[in-house]
Amino acid sequence: MTAALSDTPNAMSRRRALSSLAVLSALGASWFSAPRAKAGPVQTRSSAEHAALIETLIGQMTIDEKAGQLNLLADPFRFRPYNVNPLDAFGDPARTTDLIRRGLCGALFNGVGAEAGRRIQRITVEETRLKIPMLFAADIIHGMTTVFPVPLAEASAFDEDLAYRTARVAALEGAVSGIHQAYAPMVDVARDQRWGRVVEGAGEDVLLNQRLAAARVRGFQGERGLADRDALLATPKHFVAYSAAQGGMEYNTTDMSEATLRGVFLPPFWSAIDAGALSVMSAFNDLNGVPTSGNRRMLTDVLRGEWDFKGFVVSDYTSERELIAHGFAEDGRDAARIALLAGVDMSMVSGLYLEHIPGLVASGDVPMARVDEAVRRVLATKAALGLFDDPYRGMDPERERVVRGAAAHYALAREAGAKSIVLLKNEGRVLPLRREGQKIALIGPFASDVDNVFGPWTIWGDEGHRVSLEAGFRAAMRRPEDLVVAQGCEVEAALSGGISAAVVAAAQSDVVVLALGESARFSGEAQSRVEITLPPAQQALAQAVAEIGKPMVVLLRNGRALELSGAVKDAAGIVVTWFLGSEMGNSVADVVFGTHSPSGRLPVSFPHRSGQQPFSYDHKTTGRPANPALASEEYTARYRETTNTALYPFGHGLTYGEVRYSAAVLSSDTLTWNGEIEASVAIQNAGTVPVVETVQLYIHDRVASLTQPGQRLRNYRKVAIAPGATTTVTFRLRRAVLEFVGETGAMTVEPGTFDLWLAPSAQVGTPTRFTLVR
Ligand code: BGC
């Protein structure tokens, strides 16, 4: 990791001037004398009073203090346990303490804990010249102490209410730990499963990303305003198109048309801001030749000009310094100038703003007005959070002990986990398993594992509360002794005697459950893969166990869509369990033993082969559309080895019921320009258990001035259907649902014919046709 400040002459001389005694006096036990956190929402001044206060402060600030408010520092080890004072971990705590005391550091991140927070806040409010409170930020991605399913998993629930509730609890646990800002949600639409950060978002579809972005922002920020002690400022990231990295390789360049940028990658950010997000993180990638952290068109023209965004933009970890490596800035001074003028208000970790803003203003390269604008945005956010009224807002060590990891939070984690599981295949109704009267062999590297239940991007999850599959299964079984467990292999390597022990276990059992997949380290930042397959050691284990001939269910643990092959692909049952967090084993057992009929749907398509990436269900038809029924048709858009469809498409997911769709019915086959029609479908549950079905509305614009995807999800709804019942689901359609981004970048609707599907997933069913007339 990069040091907090670059080793420039300025920084070095500043460092030499620091006294190592400073930190000792700063960290005395005097935090005890600080006022206790209030028990309810903090009282704020009126917005007019805040505005006046901010202008007074800006009038009083030196240029160094202004640069300081825009300077965000991190703990270089980054992932801090609770209440280890982040200042102790800065490599040079004296320097950091001195910067804080001199008003040269306005925000800190990834150091948490109410006690530590109070200690640092006391320095800003009692020892700095202008007493401007510190802003504390943290990477709270899918829970805090209580770990929820990874965002991609949770997206499978197609459930905004669930996303809202888990974000709310994460905010509760974060805010009580002294945090004000969450670096989440990640709203990057991810269409290349090689890219490791697919796991952090809502998958490949635009609409699902938009809805979940808004839900998560509302969940983090709560309903009572940002000044509420339980609210966290949300930070949609990474602005923008970061996920379009060429070749799926992390940090790679991105290059795309205006229509794709505005039609695919910008909408979730718009939804997040529309839902009230008051900060945005700029990204690492360059976009059409202009790095996004120096991209004035995106950060200022679009974000401010078109969208009227009022919050502040924070760079991603040193992304403004990376303008140099991009070949877009000469040196640190140039990088700071470009980023600031482009619209990055706060600099993360590089220290470039602190170092260069004074000189840039003195030379006239950056107008003071731009610095004041950035400072005003940061101070306005601190005011909105209530920090000028109660700098210790939320930081209550006693409440912290009660709130973090509360029983209700784990119950929510279990519910969210069960709702995130996707049943891909269930031949011969091998699932659900019986709680008794069946011997089960649980085999694989994830059978008893607890190190990979959280998944990537957790920092403060309670490692004492991680439910393995084995523990979940035993708790669910009436006769736990009917479970036999064998590891079989390591995640990526064979285990001496592993396969033979697994084969023995399988032979003694009535049914085999294979727990296979990726470890947490396979996905997340910088974890791009060339092939999205299972490691050979696991594939060999699956093959050997399958040969015993027992009914076999594969439980996949994964942070992306995978290519399935051989015995894994051929297993009677395939269940996508992702990384489900603290309660993983219980959530999986709830589904496997039938307490919860599976209801999750794939937010990413499972391709036939890795080489199909990038892939999304809503790809264009091309001039030579492939006909999957005629795989041998040579001169069409296909590969030698496979058609370009998905093995399991976006939206796919089975239940334990028997769901049957009738043909979609339209109230009219003509939609007038200002009119409305209804599209309905009758859905029957012919099975014996209740189900929750996710009905998906897809549309294809058959002829348009820009070619359109073969299908696009335009709406969806979840409905509960009792056994034997039939439910009719109706969607109203107005012309807005047919909008697309035209050649100029503006939203447009064109008259013409459209195909419509009401279906359980992409790629299935026969469309109904209607016409839009002007
Ligand atoms: C990631 C961001 C994260 C930041 C701070 C960066 O490497 O791209 O998503 O918020 O670090 O930890």
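Residues numbered from 1 in each chain as written. Predicted model: local features only at pLDDT ≥ 70, side-chain atom pairs only at ≥ 80, totals over all residues. Heavy atoms only, no water.

**Side note on the overall build of the protein chain**
Next up, step 1: In terms of helices and strands, the protein chain carries 23 helices and 29 strands.
Next up, step 2: Relative to its length of 774 residues, the protein chain is compact, with a C-alpha radius of gyration of 27 Å against a globular reference of 28 Å.
Next up, step 3: Taking the principal axes of the C-alpha coordinates as reference, the protein chain spans close to 75 × 70 × 45 Å.
Next up, step 4: Relative to its 774 residues, the protein chain shows a buried fraction of 63%.
Next up, step 5: Expressed as a percentage of contacts within the protein chain between residues at least 6 apart in sequence, the contacts between residues at least 24 apart total 79%.
Next up, step 6: Of the roughly 27,000 Å² that the protein chain leaves accessible, carbon and sulfur atoms contribute 52%.
Next up, step 7: Within the protein chain, the 85 negative side-chain charges are centred at a point lying 2 Å from the centre of the 78 positive side-chain charges. (Helix = DSSP H or I, 4+ residues; strand = E, 2+ residues; numbered from the N terminus. Rg over C-alpha atoms; globule rule 2.2 N^0.38 Å. Buried < 20%, exposed > 50% of the residue type's maximum accessible area, 1.4 Å probe, protein only. Contact = heavy atoms within 4.5 Å. Areas by Shrake-Rupley, 256 points an atom, 1.4 Å probe, with all protein chains shown as cover. Lys, Arg positive; Asp, Glu negative; His and termini not counted. Charge placed at Lys NZ, Arg CZ, Asp CG, Glu CD.)

**Notes on unusual backbone geometry**
Most peptide bonds are trans, and most residues other than glycine sit at a negative phi.
Next up, step 1: Here the residue pair Phe-239 and Val-240 is connected by a cis peptide bond, since its omega of 5 degrees sits within 30 degrees of zero.
Next up, step 2: Assignment of secondary structure puts Val-240 in the loop between β5 (233–234) and α10 (258–265).
Next up, step 3: The omega torsion of the bond from Gln-613 to Pro-614 falls at -5 degrees, within 30 degrees of zero and hence cis.
Next up, step 4: Look at Phe-158: it is not a glycine, yet its phi comes out positive at around 45 degrees.
Next up, step 5: Tracing the backbone shows Phe-158 in the loop between α7 (151–155) and α8 (160–175).

**Side note on the sheet that holds β5**
Next up, step 1: Judged by pairing direction, the sheet is parallel, and its six strands sit side by side in the order β5-β4-β3-β2-β1-β10 without closing on themselves. Among the strands making up the open sheet, the edge pair consists of β5 and β10 (347–348).
Next up, step 2: Judged from the two bridges that link them, strand β4 (residues 181–182) and β5 form a sheet pairing that is parallel. Among the inter-strand pairings, Ala-182 is bridged to a residue of β5, identified as Ala-234. (Pairing = 2+ DSSP bridges.)

**Considering the pattern of salt bridges**
Next up, step 1: The full count for this structure, using the stated rule, is 52 salt bridges.
Next up, step 2: The salt bridge involving Asp-345 is made with Arg-370; its shortest N-O contact spans 3.0 Å. Remark: Arg-370 occurs in helix α16 (residues 368–384) and Asp-345 occurs in the loop between α14 (332–342) and β10; sequence separation between them is 25 residues.
Next up, step 3: By relative accessible area, Asp-345 is classed as buried at 0%.
Next up, step 4: A relative accessible area of 9% means that Arg-370 is categorised as buried.
Next up, step 5: Taking the shortest distance from any N to any O, the salt bridge between Arg-601 and Glu-693 comes out at 2.6 Å. (Salt bridge = Lys/Arg side-chain N within 4 Å of Asp/Glu carboxyl O.)

**Comments concerning the domain arrangement of the protein chain**
Next up, step 1: Looking at the assigned domains, one finds that the protein chain contains domain 1 (413–612) and domain 2 (659–773).
Next up, step 2: Computed from C-alpha coordinates alone, the two centres of domain 1 and domain 2 are separated by 34 Å. (Domains from an automatic or database assignment.)

**Thoughts on the sheet that holds strand β23 (residues 691–701)**
Next up, step 1: With mixed pairing, five strands are arranged side by side in an open sheet as β21-β29-β28-β23-β24. Strands at the two margins of the open sheet, each flanked by one partner only, are β21 (670–672) and β24 (712–721). Recorded for the sheet is a direction-independent mean angle of 25 degrees between the axes of neighbouring strands.
Next up, step 2: Bridge count between β23 and β24: nine bridges; the pairing is antiparallel. Bridging across to β24, Val-692 finds its partner in Ala-720. (Axes fitted to C-alpha atoms, helices over the stretch in contact; angles between N-to-C directions.)

**Focus on the packing of helix α19 (residues 469–476) against helix α23 (residues 584–592)**
Next up, step 1: Across the interface, α19 lies against α23 with an axial gap of 7 Å and an inter-helix angle of 50 degrees. Between α19 and α23, the angle falls in the class oblique. Two packed elements cross with a definite hand, and for α19 against α23 that hand is right-handed. On α23, the residues that touch Leu-469, Gly-472, Phe-473 and Ala-476 of α19 are Gly-585, Asn-586, Val-588, Ala-589 and Val-592.
Next up, step 2: Considering only residue class, the contact of α19 with α23 consists of six nonpolar, three polar and no charged. (Parallel < 35°, antiparallel > 145°, perpendicular 65-115°, else oblique. Left-handed = near helix turned anticlockwise from the far one by under 90°. Nonpolar A, V, L, I, M, F, W, Y, C, P; charged D, E, K, R; others polar.)

**As for the pairing of strand β15 (residues 552–557)**
Next up, step 1: Counted residue by residue, β15 has six buried out of six residues, so it is predominantly covered.
Next up, step 2: One crossover worth recording links strand β14 (residues 511–517) to the parallel β15 by way of helix α21 (residues 536–546), and it is right-handed.
Next up, step 3: Examined bridge by bridge, β15 and strand β16 (residues 573–576) share four bridges and lie parallel to one another. The partner of Val-553 across the bridge, within β16, is Gly-573. (Right-handed = clockwise from strand over helix to strand, strands pointing away.)

**Side note on the pairing of strand β1 (residues 71–74)**
Next up, step 1: Of the two faces of β1, the one lined by Asn-71 and Leu-73 and the one lined by Leu-72 and Ala-74 are each fully buried.
Next up, step 2: Where β1 and strand β2 (residues 107–109) come together, three bridges link them in parallel fashion. Bridged to Leu-73 within β2 is Leu-108.

**Describing the packing of aromatic side chains**
Next up, step 1: Evaluated as defined, the whole model comprises 13 aromatic pairs.
Next up, step 2: Summarising the aromatic geometry, the rings of Phe-158 and Phe-650 are spaced 5.9 Å apart at their centres and angled 50 degrees between planes, so their arrangement reads as tilted. On the criterion of sequence distance, the pair formed by Phe-158 in the loop between α7 and α8 and Phe-650 in the loop between β18 (646–648) and β19 (659–661) is long-range, its members being 492 residues apart.
Next up, step 3: Note on Phe-158: relative accessible area 2%, which makes it buried.
Next up, step 4: Both rings, one in Phe-473 and one in Phe-593, keep their centres 5.3 Å apart while their planes meet at 80 degrees; by these two values the pair is edge-to-face. Of the two residues, Phe-473 is situated in helix α19 and Phe-593 in the loop between α23 and β17 (606–607); the sequence distance between them amounts to 120 residues.
Next up, step 5: For Phe-593, a relative accessible area of 6% puts it in the buried group.
Next up, step 6: Each member of the aromatic cluster is reached from another via a ring pair, and the members are Phe-158, Tyr-617, Phe-650, Tyr-698 and Tyr-716. (Phe/Tyr/Trp six-rings, centres within 6.5 Å; stacked < 30°, edge-to-face > 60°.)

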